[in-house]
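Understanding the architecture of this molecule
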Amino acid sequence: MKNIVSEKMYALGSKRSEIRELFEYGKKRIAEVGAENVYDFSLGNPSVPAPDCVKEALTDLICNGDPVALHGYTSAQGDQGVRETCADYIIKTHGTECSANDFYMTCGAAASLTISLSALAQEGDETIVLAPYFPEYQVFIAQAGMNCVEVKCNEEDFQVDFDAFEAALSEHTKAVIINSPNNPSGAVLSENTIKKLASILENAQKKYGRNIFIIADEPYRELVYDDISVPFIPNYYKNTLVCYSFSKSLSLPGERIGYIFVPPASDCHDEVYFAVCGAGRSLGFVCAPSLFQKMVPYCIGKTSDISIYKKNRDLLCNALTEYGYKVVRPDGAFYLFVKTLEEDSRAFCEKAKAHDLLLVASDSFGMPGYCRISYCVSTDMIERALPAFKALAEEYNK
Ligand code: PLP
């Protein structure tokens, strides 16, 4: 039988992402050689437990909350009190004036992104992504009916290549997704980068006579090390939609909770906010999980113990550099983006597999020639994996 389902959706659903494929391979290898002999650096699943405030919140809500309201529908855009808490937090932390009416609670950053893109998309629009980027952007942008335009970052520091960025802007540009701290490079865009980006976009808005939005994808905002600060984009560029998620900061990726913030100073705020509500409705994303919305006031601004990620980063960066790998020390998130020892990153990752090192080839991140190592794993596994990284480097040095 033919044409019974959408070809596009069939293609998306019937083949796993490279990352998931590798994770499944890892499970198979574990069954064959034992968990202690497989070094799985494939997934970005937080490895440290959620902070105590999560347990305290859930216990308090379940033991003392109204059992019907607790699990009932909230407003489509999220519980009013929860959105007020988010607004208070943004005012206190970033000094950005806002209210509950600027927030839309979502099922994590993925939902925040698909809703934001759908809210903005008009026929012929383009969204710029900065490579290396989270591979799902391609899927989300296509689903919104927009075209994706890739711009590669500088390879010395993974900041924006402004010449390439300016060349990519056109009368079709509607949005630019920025993700800082970045998956997969771990880079944090500096204040200078953000200021320059904002100024280029202000000029482009004037030149093309249309609004261009930054979509700030921020699930890693709090995961930064060594006193690095992450500029809050709406304070530099008012036409920003912040797509936030608690998945990584609170180690809750399976619970699906986040929000979209539409700054009140943005041009056409009400139109954009209502389009966000409309996109949430049309995608079936109304009323984010009620229990986890209500956890937010207990936990906003808190994080799980990220000192473990910093320890892992330092251990891996130092050892890999010593073995001859080229690594730009990342300031945030929990990924290392390492130059592969041959041009073909997929071939390199296949050779790594022979050492039971599971590394993700960078081709799907839009920047071939690298591999991504997720260091949200146990420090013990990293220590056990180091001889394998060393042996792999030696294979190329022979
Ligand atoms: N954006 C980036 C850059 C990510 O790395 C991820 C998840 O790994 C997401 C979005 C999706 O996050 P969430 O689990 O909050 O949907």
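The structure this text deals with has already been given above.
Residues numbered from 1 in each chain as written. Predicted model: local features only at pLDDT ≥ 70, side-chain atom pairs only at ≥ 80, totals over all residues. Heavy atoms only, no water.

A few words now on the sheet that holds strand E9 (residues 335-339). Judged by pairing direction, the sheet is antiparallel, and its three strands sit side by side in the order E9-E12-E11 without closing on themselves. Of all the strands in the sheet, just E9 and strand E11 (360-361) have a single pairing partner and so form its edges. Here five bridges tie E9 to strand E12 (residues 370-374), and the two strands are oriented antiparallel to one another. Residue pairing across strands places Lys-339 opposite Tyr-370, the latter belonging to E12. (Pairing = 2+ DSSP bridges. Helix = DSSP H or I, 4+ residues; strand = E, 2+ residues; numbered from the N terminus.)

On to the pairing of strand E4 (residues 147-152). Where strand E3 (residues 126-131) meets E4, six bridges bridge the pair, whose relative direction is parallel. Opposite Thr-127, over in E4, you have Cys-148 as the bridge partner. Crossover E3 to E4 through helix H7 (residues 136-143) is right-handed. (Right-handed = clockwise from strand over helix to strand, strands pointing away.)

Once that is clear, we can look at the state of the cysteines. Tallying each qualifying case throughout the model produces zero disulfides. Cysteine Cys-376 shares no disulfide, and the gap to the nearest cysteine sulfur, in Cys-317, comes to 14 Å. Take Cys-376: its relative accessible area is 4%, and that puts it in the buried class. (Disulfide = S-S within 2.5 Å. Buried < 20%, exposed > 50% of the residue type's maximum accessible area, 1.4 Å probe, protein only.)

Attention shifts here to helix H14 (residues 379-397). With 19 residues, H14 should cover 27 Å at 1.5 Å per step; its first-to-last C-alpha distance of 27 Å lies within 8% of that length. Its axis deflected by about 35° at Ala-385, H14 carries its strongest bend there, up to four residues before the proline Pro-387. Burial in H14 covers these residues: Thr-379, Met-381, Ile-382, Ala-385, Leu-386, Ala-388, Phe-389, Leu-392 and Ala-393. Looking at the buried positions of H14, the neighbouring elements they touch are strand E1 (39-40), helix H12 (307-323), helix H13 (345-353), strand E10 (357-358) and E12. (Expected span 1.5 Å × (residues − 1). Bend = angle between axes of the 7 residues up to and from the residue. Contact = heavy atoms within 4.5 Å.)

In this structure, Leu-316 sits in helix H12. For Leu-316, a relative accessible area of 0% corresponds to the buried category. Remark: the alpha-carbon pair of Leu-316 and Tyr-375, spanning 59 residues in sequence, is separated by 8.2 Å. In contact with Leu-316, other than residues within four places in its own chain, are Phe-41, Leu-336, Ile-373, Tyr-375, Ile-382, Leu-386 and Phe-389.

Let's shift gears to the packing of helix H6 (residues 108-120) against H7. Relative orientation of the contacting elements H6 and H7 amounts to 35°, with a least axis distance of 8 Å. Every pair of crossing elements has a handedness; the one defined by H6 and H7 is right-handed. On H7, the residues touching Ala-110, Leu-113, Thr-114, Leu-117 and Ser-118 of H6 are Tyr-137, Phe-140, Ile-141 and Gln-143. (Axes fitted to C-alpha atoms, helices over the stretch in contact; angles between N-to-C directions. Left-handed = near helix turned anticlockwise from the far one by under 90°.)

With that settled, the discussion passes to the packing of helix H5 (residues 80-94) against helix H11 (residues 290-299). Across the interface, H5 lies against H11 with an axial gap of 9 Å and an inter-helix angle of 35°. Crossing of H5 against H11: the hand is left-handed. Along its contact with H5, which presents Val-82, Thr-85 and Cys-86, the element H11 presents Gln-293, Lys-294, Val-296 and Pro-297. Tallied by class, residues from the contact of H5 with H11 come to four nonpolar, two polar and one charged. (Nonpolar A, V, L, I, M, F, W, Y, C, P; charged D, E, K, R; others polar.)

So, to be careful, I would describe these as geometric facts and stop short of saying anything about function.
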